[in-house]
Amino acid sequence: IDLEIKKLLTFSDWTIVDNPKWIRTNEKRLKKLQQQLSKKVEGSNNRNKVRLKLARLHENIKSKKQNFLHNVTTKIINDNQVIMIEDLNVSGMLKNHRLAKSIQELGLSELRRQLEYKSKWYGRELVFVNRFYPSSKTCCVCGWKNNNLTLGNRRFICKDCGNVLDRDLNASINIKNEGIRILKEKIGQRLPEL
């Protein structure tokens with residue numbers, strides 16, 4: 001599984017889980033309520049009413065996000081015996097002020113937490129691929145590495161074998177291949193092809 005911002009998840013079997021659309025629509029409602037709250041007189045009943053509306057909306061957004069993530073992680077756990085995922089440094093990613101809001105909205109650390117406890121609970125194998133492994137920059141067919149690949153390049157084009165793939169799909173296939181290598185190393189025996 002390749003975690004990302006534009007699409008939430010990209011699987012190595014070409015499956016994509018998109019970000020929920022309601023995140024951005026609720027943002028407008030939050031902004032409007034926060035503006036109303038700032039204009040009310042401190043200690044007034046009207047301020048208290050708006051404060052309660054704002055708190056309910058925050059709770060509603062939190063519940064929707066939790067429900068969405070629970071549905072996604074449960075489906076992943078039910079459909080797979082072995083899950084391979086990037087070991088992202090989410091707290092480090094939040095320091096990038098351009099991406100911080102999008103990363104926080106998605107709840108990537110919550111997604112990881114749910115995958116960890118559900119995989120233990122249901123007896124699934126969860127493999128973390130090192131965050132410094134160049135999954136997006138390496139060709140999943142021949143292993144050629146494109147060091148000049150930027151976030152703006154959405155297609156991976158291999159100059160060695162001519163492979164052309166979506167950047168995120170290429171990364172998810174590389175994560176799968178690296179996860180299989182890690183599992184073989186961990187178990188110390190030959191695994192069947194996954």
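Our structure's up above, just so we're on the same page.
K.L.:
Just checking my understanding: could you explain the overall build of the chain for this structure?
P.N.:
Helices and strands together make up the secondary structure of the chain, namely six helices and seven strands. The C-alpha radius of gyration computed for the chain amounts to 21 Å, which surpasses the reference 16 Å derived for 194 residues by more than 25%, pointing to a less compact arrangement than a globule. Counting only C-alpha atoms, the chain reaches 70 × 40 × 25 Å along its principal axes. In the chain, buried positions account for 38% of the 194 residues.

K.L.:
Any chance you could explain the pairing of strand β2 (residues 7-10) here in plain terms?
P.N.:
On any regular strand, side chains alternate: one points to one face of the sheet, the next to the other face. Pairing geometry for strand β1 (residues 2-3) and β2, over two bridges, is antiparallel. Looking across to β2, one finds that L3 is bridged to L9. Relative to strand β3 (residues 16-18), β2 runs antiparallel, the two sharing three bridges. Following the sheet pairing, T10 is matched in β3 by I16. Counted along the chain from β2 to the antiparallel partner β3, the turn is five residues long, and its residue W14 has a positive phi close to 75 degrees.

K.L.:
Looking at this model, I keep getting lost on the pattern of salt bridges. Mind explaining?
P.N.:
Side chains bearing opposite charge may pair, as long as their charged atoms lie close to each other. Scanning the entire structure with this criterion turns up 12 salt bridges. Residues D79 and K75 are paired through a salt bridge, measuring 2.7 Å at the closest nitrogen-oxygen approach. Residue D79 and its partner K75 are both found in helix α2 (residues 45-79); the two are separated by four residues, about one turn of the helix. Its salt-bridge partner being D87, residue R112 comes within 2.4 Å of it at the nearest N-O pair. With R112 in helix α5 (residues 108-122) and D87 in the loop between β4 (82-86) and α3 (90-93), this residue pair connects regions lying 25 residues apart in the sequence. Classification of R112 by relative accessible area gives partly exposed; the value is 27%. A single salt-bridge network, built from bridges that share partners, covers E4, K7, R154, D166 and D168.

K.L.:
Just to check I follow, could you spell out the sheet that holds β1 for this structure?
P.N.:
Backbone hydrogen bonds are what pair the strands of a sheet, in a parallel or an antiparallel way. Ordered by their spatial adjacency, three strands build an open sheet running β1-β2-β3, and the pairing between neighbours is antiparallel. In this open sheet, the two edge strands, each paired with only one partner strand, are β1 and β3.

K.L.:
Got a minute to help me understand helix α6 (residues 167-187) in this structure?
P.N.:
Residues separated by three or four positions in an α-helix point in the same direction, a consequence of the helix having 3.6 residues per turn. In this model α6 runs 30 Å from its N-terminal to its C-terminal C-alpha over 21 residues, within 8% of the 30 Å that 1.5 Å per residue would give. Once α6 finishes, G188 follows within two positions and takes phi at roughly 80 degrees, a positive value.

K.L.:
Honestly, the nonpolar core in this entry has me stumped. Any pointers?
P.N.:
One finds I1, L3, L9, I76 and L108 to be the most contacted residues of the largest nonpolar core, which totals 20 residues. Put simply, the parts of the chain that give this core at least two residues each are β2, α2, β4, α4 (100-106) and α5. In terms of residues, this core owes the most to one element, α2, which gives four residues. Ignoring any residue separated from it by four or fewer positions in sequence, one finds I76 in contact with I1, L9, F11, I83 and L115. Counting residues in hydrophobic clusters, the runner-up holds seven residues, among them L30, V50, L57 and I61.

K.L.:
How should unusual backbone geometry be read in this particular structure?
P.N.:
Trans peptide bonds make up the majority, and among non-glycine residues the majority have a negative phi. Even without being a glycine, W14 presents a positive backbone phi close to 75 degrees. Locating W14 in the fold gives a position in the loop between β2 and β3. Residue classification places W14 among the exposed residues on the basis of a relative accessible area of 61%.

K.L.:
Could you clarify how one ought to interpret the packing of helix α1 (residues 22-39) against α2 in this entry?
P.N.:
For any two helices packed against each other, the geometry comes down to the angle between their axes and how far apart the axes lie. Where α1 contacts α2, the two axes come as close as 9 Å, and the packing angle between them is 165 degrees. Relative to α2, the element α1 lies roughly antiparallel. Seen along the crossing, α1 lies across α2 with a hand that is left-handed. Side by side, α1 and α2 meet where W22, N26, R29, L30, L33, Q34, Q36 and L37 of the first sit next to R47, V50, R51, K53, L54, L57, H58, I61, K64, K65 and F68 of the second. Of the residues contributing to the contact of α1 with α2, the split by class is nine nonpolar, four polar and six charged.

Parameters at a glance
Numbers given for residues are sequential positions, taken from 1 along each chain in its written order. Only residues with pLDDT of at least 70 are given local features in this predicted model, and only at 80 or more are side-chain atom pairs given and counted; all residues enter the totals for whole chains, interfaces and linings. Excluded from the side-chain calculations are hydrogens and water; all other atoms, namely the structure's heavy atoms, are used. Secondary structure elements follow DSSP: runs of H or I no shorter than four residues count as helices, runs of E no shorter than two count as strands, and numbering proceeds from the N terminus. For a compact globule the rule gives 2.2 Å times the number of residues to the power 0.38, and the radius of gyration it is set against comes from C-alpha atoms. Any residue under 20% of the maximum accessible area for its type is buried, any over 50% is exposed, and the rest in between are partly exposed; the area is computed with a 1.4 Å probe on protein chains only. Any two strands with at least two DSSP bridges between them are considered paired. One side-chain nitrogen of Lys or Arg within 4 Å of one carboxyl oxygen of Asp or Glu is enough to make a salt bridge. For a helix, the expected span equals 1.5 Å multiplied by the number of residues minus one. Side-chain atoms within 4.5 Å are what join buried Ala, Val, Leu, Ile, Met, Phe, Trp, Tyr and Cys residues into a set we call a nonpolar core. Two residues qualify as a contact provided that any one of their heavy atoms is within 4.5 Å of a heavy atom in the partner residue. Lines fitted to C-alpha atoms define the axes here, with helix axes fitted over just the stretch in contact, and angles between the N-to-C directions of these axes take values from 0 to 180 degrees. Reported orientations rely on four angle classes, namely roughly parallel under 35 degrees, roughly antiparallel over 145, roughly perpendicular from 65 to 115, and oblique for the rest. In a left-handed crossing the near helix is turned counterclockwise from the far helix by less than a right angle, and in a right-handed crossing that turn is clockwise. Each residue is assigned to one class: nonpolar for Ala, Val, Leu, Ile, Met, Phe, Trp, Tyr, Cys and Pro, charged for Asp, Glu, Lys and Arg, and polar for all the others, Gly among them.

Bear in mind that shape data such as this cannot, by itself, settle questions of function.
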